[in-house]
Amino acid sequence: MTRIGGTWRNWARTAQVRPQRVERPADTAAVVRSVQAAIARGLRIKAVGAGHSFTGIAVAPGVLLDLDELSGIVEVDRERARVRVLAGTRLHQMPRLLAPFGLAMANLGDIDRQSIAGAISTGTHGTGLRFGGISTQVVGATLVTGTGELLTVSDDENAEMLPAVALGLGALGILVDVTLQCVPEFVLRAVERPEPVDDVVAELANRVETSDHFEFYWFPHTDVALTKTNTRLPESAPRAPLPRASRWLDETLLANGLYRMTCGSASLVPAMAPPINRLATRLTGDREYTDLSTRVFTQDRTVRFREMEYAVPLENLAAAFRDVQAAIDASDLRVSFPIEVRAAAADDLWMSTAHGRASGYIAVHRYWREDPTEYFAAIEPIMLAHGGRPHWGKMHTLGAADFAERYPRFTDFVALRDRLDPNRRFTNVYLERVLGE
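This is a predicted model, so every value here is computed, not measured.

Summed over the entire model, instances satisfying the criterion amount to 24 salt bridges. Between Arg80 and Asp77 there is a salt bridge, with the nearest N and O atoms lying 2.9 Å from each other. You can call Arg80 partly exposed: its relative accessible area is 43%.

What follows is the structure, given as structure tokens:
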């Protein structure tokens with residue numbers, strides 16, 4: 001999150017606002033007071049985390065709650081491997097917090113800058129057909145509702161609300177803490193390889209089914225996929241981490257430093273994108289290592305971009321990807337950022353992109369200094385034709401009527417919103433668009 005002259009801006013520079021008030025609550029009581037004060041003043045109030053959503057989901061024109069001080073562990077249930085953490089805790093802090101208890105999060109995405117509340121509220125996910133998004137790890141939460149009351153949701157208190165609150169879009173209340181179902185600490189063996197993209201897509205169903213965690217990146221204008229296959233091993237398994245120099249070369253110098261320069265060049269001279277992409281496939285993505293799960297799942301991403309991601313039924317994933325390839329090849333677009341393809345298990349969360357169906361994810365990116373409109377407009381109809389649901393924190397053009405058709409529990413979610421936030425203290429322009437007023 002960046003503040004310049006009182007203006008809040010998200011990481012991607014796709015949303016900004018100058019809030020009337022900025023408050024930094026340090027405990028639950030302070031959050032309650034902030035919400036009650038906003039109600040009394042007739043102001044809208046929103047919590048922000050790391051600002052890593054590409055949409056305006058966290059924009060707070062009234063009262064902006066900065067939850068950075070609401071961080072850390074509240075309590076640990078060792079017997080059930082459950083950990084209650086404050087809402088502002090960043091994902092990259094979790095390994096250090098969980099390590100003393102021999103625990104880890106079951107799955108993560110490839111970026112760990114987000115707050116836990118922000119990650120679950122937008123449906124952040126990783127990859128792995130036997131694993132859901134981060135919200136599926138939520139077994140309890142405490143939030144302040146739009147009437148200024150403190151609400152506890154768990155498997156034995158207001159349990160019927162958990163499938164909504166665990167992925168609540170910031171529309172149901174201000175989260176103050178969440179309880180996560182963790183797992184024993186584990187190790188991942190990572191194999192990263194460049195492979196012919198046509199072969200990978202032809203074998204995609206089998207690769208996803210037989211791997212613990214599989215994904216691939218395709219650089220447009222090339223015939224190469226960079227595949228990543230992670231295999232889960234017990235914490236006691238021998239480790240062979242990347243040497244520090246090798247990690248620095250791959251992830252700091254090449255993946256961030258050099259890539260920032262090449263993306264900048266391609267934004268000025270689009271014709272450079274294809275040769276740059278071919279160079280990228282030769283310089284990256286060929287290594288094997290074994291390390292603690294969090295050191296394998298996540299990477300340090302400092303090159304700024306804009307992103308659109310859609311979830312399609314898993315059986316449509318290969319066809320949807322081929323249609324994306326064909327659309328790019330048939331256009332005049334020159335795209336320097338790779339397309340990311342992942343998969344996740346079905347779940348029962350009301351507003352999850354994977355609700356009721358195993359899902360494949362296709363994410364398209366554009367360097368932040370390039371206008372993504374034409375590119376995203378070419379890809380979005382393909383995703384919709386394949387039954388796609390957009391990631392809540394990433395760019396899309398859909399509205400409430402579209403989501404009512406694509407989410408079986410949409411009406412139930414809106415009804416719960418009416419109950420918990422009857423006067424719309426937590427809404428903003430984005431939520432009005434996707435949920436209705």
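Before going further, it helps to examine the packing of aromatic side chains. Counting across every chain of the model gives eleven aromatic pairs. Look at Phe305 and Phe337: their rings are 5.4 Å apart centre to centre, the planes differ by 45°, and that puts the pair in the tilted class. Placement of the pair is Phe305 in strand S18 (residues 305-313) and Phe337 in the loop between helix H10 (317-329) and strand S19 (339-344), with a sequence separation of 32 residues. Taking the relative accessible area as the measure of exposure, Phe337 reaches 7% and is therefore buried. Centre to centre, the rings of Trp392 and Tyr407 are 5.6 Å apart; their planes meet at 40°, and the pair counts as tilted. One end of the pair, Trp392, is in the loop between strand S21 (389-390) and helix H12 (400-406); the other, Tyr407, is in the loop between H12 and helix H13 (410-420), with 15 residues separating them in the sequence. Connected via pairs of aromatic rings, a cluster forms that spans Trp11, Phe54, Phe305 and Phe337. Between the NZ or CZ atom of Arg304 and the centre of the ring of Trp368, over which it lies, the distance is 5.5 Å.

A word on the sheet that holds S18. Paired through their backbone hydrogen bonds, the strands of a sheet run either parallel or antiparallel. Across the sheet, eight strands lie side by side as S17-S14-S16-S15-S19-S20-S18-S21; this open sheet has antiparallel pairing. Lying at the two open borders of the sheet, with one neighbouring strand each, are strand S17 (287-292) and S21. With three bridges connecting them, strand S15 (residues 213-218) and S19 associate as antiparallel partners. Bridge pairing links Tyr217 to Glu340 in S19. The sheet strands contacting H10 are S15, S18, S19 and strand S20 (359-367), and the helix crosses S19 at an angle near 170°. Across the sheet, helix H11 (residues 373-385) touches S18, S19 and S20, and the angle it forms with S18 is around 15°.

So, on to the pairing of S18. The buried fraction of S18 amounts to nine of the nine residues, a majority that puts the element mostly inside the structure. Relative to S20, S18 runs antiparallel, the two being bridged by nine bridges. In the strand pairing of S20, Met308 is matched with Val364. Sheet analysis places S18 next to S21, joined by two bridges and oriented antiparallel. Bridge pairing in S21 places Ala311 opposite Arg389.

Within the secondary structure layout, Arg306 lies in strand S18. One buried charge, Arg306, has no salt-bridge partner; the nearest side chain with opposite charge is Asp371, at 6.2 Å. Not counting residues up to four positions away in its chain, the partners in contact with Arg306 are Ala12, Arg13, Thr14, Phe54, Val364, His365, Arg366, Trp368, Glu370, Pro372, Phe376 and Met395.

Moving on to the nonpolar core. In terms of nonpolar packing, the biggest core is built from 106 residues, with Phe216 and Ile339 touching the most fellow members. Looking at this core element by element, the count peaks at six residues for H10. Setting aside chain neighbours within four positions, we find Ile339 in contact with Phe216, Tyr217, Trp218, Pro220, Phe321, Val324, Ile328, Ile362, Ala363, Val364 and Tyr375.

The subject of this paragraph is unusual backbone geometry. Of note in this structure, Arg13 is not a glycine but carries a positive phi near 60°. Not every positive phi belongs to a glycine, and His221 is a case in point at roughly 75°. Along the polypeptide, His221 turns up in the loop between S15 and strand S16 (224-234).

One can describe the packing of H10 onto H11 by two numbers: an axis separation of 10 Å at closest approach and a directional angle of 150°. Comparing their axes, H11 and H10 come out roughly antiparallel. Handedness of the crossing formed by H10 with H11: right-handed. Mapping the contact onto sequence places Ala320, Asp323, Val324, Ala327 and Ile328 in H10 and Tyr375, Ile379, Ile382 and Met383 in H11. Looking at side-chain class alone, the contact of H10 with H11 contains eight nonpolar, no polar and one charged residues.

Our next topic: the sheet that holds strand S10 (residues 138-144). Spatial strand order, S7-S8-S12-S10-S11: five strands in an open sheet with antiparallel pairing. Unpaired on one side and paired on the other, strand S7 (73-77) and strand S11 (150-154) mark the two borders of the sheet. The mean inter-strand angle of the sheet, taken between neighbouring strand axes irrespective of direction, is 10°. Bridging between S10 and strand S12 (residues 174-181) involves six bridges; their strand directions are antiparallel. Among the inter-strand pairings, Leu143 is bridged to a residue of S12, identified as Leu175. Contacts between helix H1 (residues 28-41) and the sheet are confined to S10, S11 and S12, with S12 contributing the most and set at about 140° to the helix.

Calculation notes
Residues numbered from 1 in each chain as written. Predicted model: local features only at pLDDT ≥ 70, side-chain atom pairs only at ≥ 80, totals over all residues. Heavy atoms only, no water. Salt bridge = Lys/Arg side-chain N within 4 Å of Asp/Glu carboxyl O. Buried < 20%, exposed > 50% of the residue type's maximum accessible area, 1.4 Å probe, protein only. Phe/Tyr/Trp six-rings, centres within 6.5 Å; stacked < 30°, edge-to-face > 60°. Helix = DSSP H or I, 4+ residues; strand = E, 2+ residues; numbered from the N terminus. Lys NZ or Arg CZ within 6 Å of the ring centre and 35° of its normal. Pairing = 2+ DSSP bridges. Contact = heavy atoms within 4.5 Å. Axes fitted to C-alpha atoms, helices over the stretch in contact; angles between N-to-C directions. Lys, Arg positive; Asp, Glu negative; His and termini not counted. Core = buried A, V, L, I, M, F, W, Y, C linked by side-chain atoms within 4.5 Å. Parallel < 35°, antiparallel > 145°, perpendicular 65-115°, else oblique. Left-handed = near helix turned anticlockwise from the far one by under 90°. Nonpolar A, V, L, I, M, F, W, Y, C, P; charged D, E, K, R; others polar.

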